[in-house]
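# Close look at the chain arrangement
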Amino acid sequence: MGLLQIFDPSAMPTPVGIDLGTTNSLVAWVGDGVPTSVLDCDDDPIVPSVVAYLPDGQTIVGKEALAYLYTQPKETIVSVKRYMGRGYDDAETTRERGYTFAPAREGQANVVRFVVHGREVTPVEVSSLILKELKRRAEDKLGAIAGAVITVPAYFDDAQRQATKDAARLAGLEVLRLVNEPTAAALAYGIGTHRTTGTYAVYDLGGGTFDITILSLDDGVFQVRSTGGDSQLGGDDMDRAVALHMLARAGQTEPFDQGMWRAAMLEARRVKHELTDKTESTFELELSSHTFSKVLTRAEFDALILPVVERTGPACRRALKDSGIDSKSLDGVVLVGGSTRVPLVRSYVAKLFQREPLTDIDPDQVVALGAAVQADILAGTQQHDALVVDVTPLSLGIETMGGIVEKIIARNSTIPCARAQQFTTYADGQTGFDIHVLQGERELARDCRSLARFKLDGIKPQTAGAARMLVTFRVDENGMLTVAAKDEGTGKEHSVEVKPSYGLSDEDVEKMLLESYEHAEEDLRARQLTERVVEAEQVIAATKKAVAKDGDLLDEDERAELDGALAALERAVQSRESEAIRLRTEALDRASIPLAERRMNRAMREAMKGRSVESVESEVSHARGVDAHVSEHEARREH
C-alpha cells in the first residue's frame, strides 16, 4: 500500500538573513510576510561578535564571551570583521595593540593569524564560529535552514567578500547571496513602511565600517545610484579616541600594556553607550596601584569623536555628486548601524543632508531584517514585488601598453554585469598576452590597486596589431569578479576568479576615490603623454622596418628628410614632452607619405604580375557582390 506525503509548509527549511557585524551580529527570517529577528531566551536579538578561546581548546561566543575580555584579553577576539581578507602587514593589523599576531611565513598566504594559547586562528575561522552561533539560534527557533543571505559593507573588496563566504562555508551555511548592507537596510525600509517611490540616502555607520548609498525606489525596484564609504571607519574608532583620552588623563603613556589597552577600550565603549542618553558619565581604569576615576561630559565626548564623524562627510558628498542628486531632492535619509545612535552622529547627518534622518526601524536590526527579505525573495517562499539592483563601488579594468588603465567595468555599474573589450599585440611575433587586472579610478596602473595577474600563452606569432584578444569581465550578484581572456585566432582561453590575498588597506579605501578627483587633470596629462609615447614608438618601429625593406624607393633628399623627422621624433620621445611628441609624430607622418605611396604601388605591381586585367576585374566584381549580400543580410538581422 502506497504512502502519500502530506505537505506541511512549516516543516520546510527556512531561508534566513544574517548581519555579520563588527560589534554585533543578528539573524532574521520572514514569517507571514513580516521580517523578524530571531530572539534568545531573554528576548534579545543581538549576538555580540566576540569569540573567547579557552586554554582547554573550548570556544565561547557572544554574551558569555564578553566576561573573558577582562581576564584573557589577548585570547578574546572582538571586531574580527576588520581583519577579514587582510594581510599580516596591513595597516589595520599593525596599529592594533590588543592581540598577538603570528608573522607571515614562507609558503603561507599573507593573512592575519591571531595567536591564542599557542595556536593560530584566522579571521575566517573566528567569523565562522559567530556564524555557527547564529545558525544554531535560528535552527532552535525555525528548524532546518534553507540557506542564508549574508550582508557585507558596500566597500568590501573581492578578498573580503570571499573571506566572508569561506567563513559561512566553515559554519555549514549555504550562501544564497552576499548583499551590501545599505541595500539590505533600504529593502527593509521599503517593505516595512510600504513606500513605493522615492530617493533615499542610507547612512550606515557600524562598529568598524562606514557606507553611504544613494538609491531610488520605484514601484518596488531598488536602483542603487551610487555608493561610497570606508571599510575601516566606525564606532571602534570612536572607542579608540576615547580610550586614548582616558589613559592620557590617567597619566599613562604608550606603549600600553595589552590588558590595560583592552580594558580602556571596553570602558570607552561603555561610556559611549551611556552618553547616548545622559549628559555625563564616570569612567574607571584599574591601574597597578589604584583605581582612576573621572567624569567625561557629552561635550568632551563629542569633541573627541568629531574628527571620526567628520571623516564620513567627503564620502557622502561624493556619493551625492555621483548620483546627480542634491540633498534637497532626497525623500529621506535612513540611519543604519549602532554607531548612528550617538547624538553627535545624528545631528551631523541632519546638518549634512539638511533634513532629520529616519529612525523608524531599530538601526541595529534593520540590516538583518532586509537580508531576511532578500533571502525570502531568492528562496521563492513568498511573492514579493521588490527587486534589488546593486552597483560596483570602484572601476575594474586591465593594464595596457605604457602602464595605462583601460577601464572595462565603470564604477557604479549595476550588478550582475558583464563587459567585454578587444585588445591586440604591441610587438611583432608576440606569442602571449600578460593580463593585469586592476581596481580604481586613476588613469595609470601604478596608482590603482592590483587584483590579479595571469597569462594567455600559445597565440600565433604575427605582426603587431594583427592578433585579437577578447577580455571579458563578469561581476556576479555577490560582487565577485571573474576575468576571462580569449585569443580569437586560436580559440585559446584562460580565466581567473579574482581572489586577492588581502583586502584594501585603511588608506586605500579612503584615498582611491578622493585621489581620482584631486589628480584628475594630472592623470589625464600623464595618460595623454603615455599614449603619445606608445603611438610614437609604434610609428618609429614601423618606419624603420619600411625603410629597411624599401628605402631604395626614396631619392637622396626624401631620405634625408625622412631620417631627420625620424631622429626628431626619437629625441622628442626621450624628452617626454607631450606636445613635442605630437608635433614630431605628425611631421614624420608627412615625411613618410612618398615612401608609403611608392610601397603601395610596388606591392600592387607584385600582386598583378602575370595576371590579366579581366581576371582582376572579375574578382573585384565578385567581391562587391558578396559585400552587398552580407550588408543586406546584416541589415535584415539588425532590423
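An account of the accompanying structure is given in this report. (Residues numbered from 1 in each chain as written. Predicted model: local features only at pLDDT ≥ 70, side-chain atom pairs only at ≥ 80, totals over all residues. Heavy atoms only, no water.)

### A look at the nonpolar core
Using the following cut-off: Remark: nonpolar core denotes a set of buried residues (Ala, Val, Leu, Ile, Met, Phe, Trp, Tyr, Cys) joined through side-chain atoms within 4.5 Å. In this scheme, a residue with accessible area under 20% of its type's maximum is buried, one over 50% is exposed, and one in between is partly exposed, where area comes from a 1.4 Å probe on protein chains only. Going along the chain from the N terminus, every DSSP run of H or I of four or more residues is numbered as a helix, and every run of E of two or more is numbered as a strand.
Ranked by size, the top nonpolar core spans 46 residues in total, and within it Ile18, Phe114 and Leu131 carry the most contacts. Elements that contribute at least two residues to this core include exactly strand E1 (14-19), strand E5 (50-53), strand E6 (59-61), strand E7 (76-78), strand E8 (114-116), helix H4 (123-142), strand E10 (145-152) and helix H5 (158-170). The next biggest cluster of nonpolar side chains, apart from the first, holds 44 residues, and it includes Phe292, Leu335, Val349 and Leu352.

### Some points on the packing of helix H9 (residues 298-310) against helix H11 (residues 343-353)
We apply this condition: Only the stretch in contact is used when a helix axis is fitted, and all axes are lines through C-alpha atoms; the angle between N-to-C directions ranges over 0 to 180 degrees. Note on angle classes: values under 35 degrees are labelled roughly parallel, values over 145 roughly antiparallel, values of 65 to 115 roughly perpendicular, and the remainder oblique. By definition, turning the near helix anticlockwise from the far helix through less than a right angle yields a left-handed crossing, and turning it clockwise yields a right-handed one. Any two residues whose heavy atoms approach within 4.5 Å are treated as being in contact. Under the scheme applied here, ten amino acids are nonpolar (Ala, Val, Leu, Ile, Met, Phe, Trp, Tyr, Cys and Pro), four are charged (Asp, Glu, Lys and Arg), and all others, including Gly, are polar.
Interaxial distance between H9 and H11 falls to 9 Å at its minimum, and their mutual angle equals 50°. Here H11 runs oblique to H9, going by the angle between their axes. Along this stretch, H9 crosses H11, giving a crossing that reads as right-handed. Where H9 abuts H11, its residues Arg298, Asp302, Ile305, Leu306, Val309 and Glu310 lie against Pro343, Leu344, Val345 and Tyr348. Tallied by class, residues from the contact of H9 with H11 come to seven nonpolar, no polar and three charged.

### Comments concerning the packing of aromatic side chains
Keep this limit in mind: Classification of ring pairs uses Phe, Tyr and Trp, with its six-membered ring standing for Trp, and accepts pairs whose centres are within 6.5 Å; under 30 degrees between planes counts as stacked, over 60 as edge-to-face, and the remaining range as tilted.
If you walk through the whole model with that rule in mind, you get nine aromatic pairs. Judged by centre distance (6.2 Å) and plane angle (40°), the ring pair of Phe283 and Phe292 falls under tilted. For Phe283, a relative accessible area of 0% gives the class buried. Three or more aromatic residues link up through ring pairs in this structure, and these residues are Tyr83, Tyr99, Phe101 and Phe114.

### Brief notes about the packing of helix H10 (residues 313-323) against H11
Across the interface, H10 lies against H11 with an axial gap of 11 Å and an inter-helix angle of 35°. Along this stretch, H10 crosses H11, giving a crossing that reads as right-handed. Along the contact surface, H10 presents Gly313, Cys316, Arg317 and Leu320, while H11 presents Tyr348, Leu352 and Phe353. Per-class residue counts for the contact of H10 with H11 are five nonpolar, one polar and one charged.

### Remarks on the pattern of salt bridges
Note the threshold: For salt bridges, the criterion is a side-chain nitrogen of Lys or Arg within 4 Å of an Asp or Glu carboxyl oxygen.
One pass over the structure, following the stated rule, counts 27 salt bridges. The partner of Asp434 in a salt bridge is Lys455, and the shortest N-O contact between them spans 3.6 Å. Here Asp434, found in strand E23 (residues 432-439), pairs with Lys455, found in strand E24 (residues 449-457); they are 21 residues apart in sequence, far enough to count as distant. One salt bridge in this structure joins Arg582 and Glu586, with 2.9 Å as the shortest N-O distance. Remark: Glu586 and Arg582 occur in helix H16 (residues 578-591); sequence separation between them is four residues, near one turn of the helix. On the basis of relative accessible area, Glu586 is assigned to the partly exposed category, the value being 34%. Residues joined in a network through salt bridges with shared partners are Arg82, Asp236, Asp237, Asp239, Arg240, Arg269 and Lys272.

### Concerning the sheet that holds E7
Selection criterion: Strand pairing is assigned whenever DSSP detects at least two bridges linking the two strands.
Here three strands make up an open sheet; going across it, the order is E6-E5-E7 and the pairing antiparallel. Both edges of this open sheet fall to E6 and E7, since each of them pairs with a single strand only. The mean angle between the axes of side-by-side strands here comes to 15°, regardless of whether they run parallel or antiparallel. Contacting E5, E6 and E7, H4 crosses the sheet at an angle of about 110° to E5.

### Description of the sheet that holds strand E26 (residues 481-487)
Read from one edge to the other, the open sheet built from four strands follows the order E22-E25-E26-E27, with strand pairing classed as antiparallel. Two strands bound the open sheet, and with one partner strand each, they are strand E22 (417-423) and strand E27 (493-497). The mean angle between the axes of side-by-side strands here comes to 15°, regardless of whether they run parallel or antiparallel. Across seven bridges, strand E25 (residues 469-475) lies against E26 in antiparallel orientation. Considered in E26, the bridge of Phe473 is made with Val483.

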